[in-house]
Amino acid sequence: MQVNQDDVEWTDYEHGEQTFRRKQLSAAAGAEDLGCSLYELPAGNRSWPYHYHTANEEAIFVLDGAGTLRTDDGERDLRSGDFVTLAADEGGGHQVVNDGEDPLRYLMVSTMIDPDVTIYPEMEKFGVFVGDAPGGREGRSFHGYYDIDDEVEYWEE
């Protein structure tokens, strides 16, 4: 199926420095196993909190603007035309930061493997997603966010 980005509505996200907008292009086109969203990140803001997925590989393609990509290896400059892959493990940890003066526009592409566990090391949390991958399009049969240090015994005594 085909869709034009002009026909897809923006969804606004705002939580402190995590302020951005997103168009879920693959959802609008009816894709099932491939995720693709157009992001617009205003100057001085950040995308989602620093995280990595355990099941889903992601990639970023910068369309316009410049910023910084925080990764497991440190920070890298991002500029128009850059393509970055992010592995489905700790080495794929990332957060996009617009430390420039103009909006940063990029595509985020991902596999849509379900279930997925997403780790947020700086928040000391993890998320579990069953029934639809993170960034998914339909209702989930189970999902939640938990503290990394929470631990219970398998058997109750």
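Residues numbered from 1 in each chain as written. Predicted model: local features only at pLDDT ≥ 70, side-chain atom pairs only at ≥ 80, totals over all residues. Heavy atoms only, no water.

(A) Here's a closer look at the packing of aromatic side chains. Applying the stated criterion across every chain yields a total of nine aromatic pairs. Where tyrosine 13 meets tryptophan 48, the ring centres are 5.0 Å apart and the plane angle is 70°; that geometry is what we call edge-to-face. Taken as a pair, tyrosine 13 in strand β1 (residues 11–15) and tryptophan 48 in the loop between β3 (34–41) and β4 (52–53) lie far apart in primary sequence, 35 residues in all. In this structure tryptophan 48 comes out as partly exposed when scored by relative accessible area, which is 31%. Ring geometry for tyrosine 39 versus tyrosine 106: centroids 5.2 Å apart, planes at 5°, classification stacked. One end of the pair, tyrosine 39, is in strand β3; the other, tyrosine 106, is in strand β10 (residues 104–111), with 67 residues separating them in the sequence. (Phe/Tyr/Trp six-rings, centres within 6.5 Å; stacked < 30°, edge-to-face > 60°. Helix = DSSP H or I, 4+ residues; strand = E, 2+ residues; numbered from the N terminus. Buried < 20%, exposed > 50% of the residue type's maximum accessible area, 1.4 Å probe, protein only.)

(B) View of the side chain of threonine 118. Take threonine 118: it is sitting in strand β11 (residues 116–120). In this structure threonine 118 comes out as buried when scored by relative accessible area, which is 0%. A polar contact of 3.0 Å, which involves the side chain of threonine 118, links it to the side chain of histidine 53. Polar side-chain contacts of threonine 118 include one of 3.2 Å to the side chain of aspartate 116. (Polar contact = N/O pair within 3.5 Å; in protein donor to acceptor, adjacent residues only side chain to side chain.)

(C) Inspection of the sheet that holds strand β13 (residues 142–147) at higher detail. One open sheet holds the four strands; their spatial order is β4-β11-β12-β13, and the pairing between them is antiparallel. Two strands bound the open sheet, and with one partner strand each, they are β4 and β13. Bridge analysis of β11 against strand β12 (residues 125–130) gives five bridges, and the strand direction is antiparallel. Along β12, the bridge assignment pairs valine 117 with valine 128. (Pairing = 2+ DSSP bridges.)

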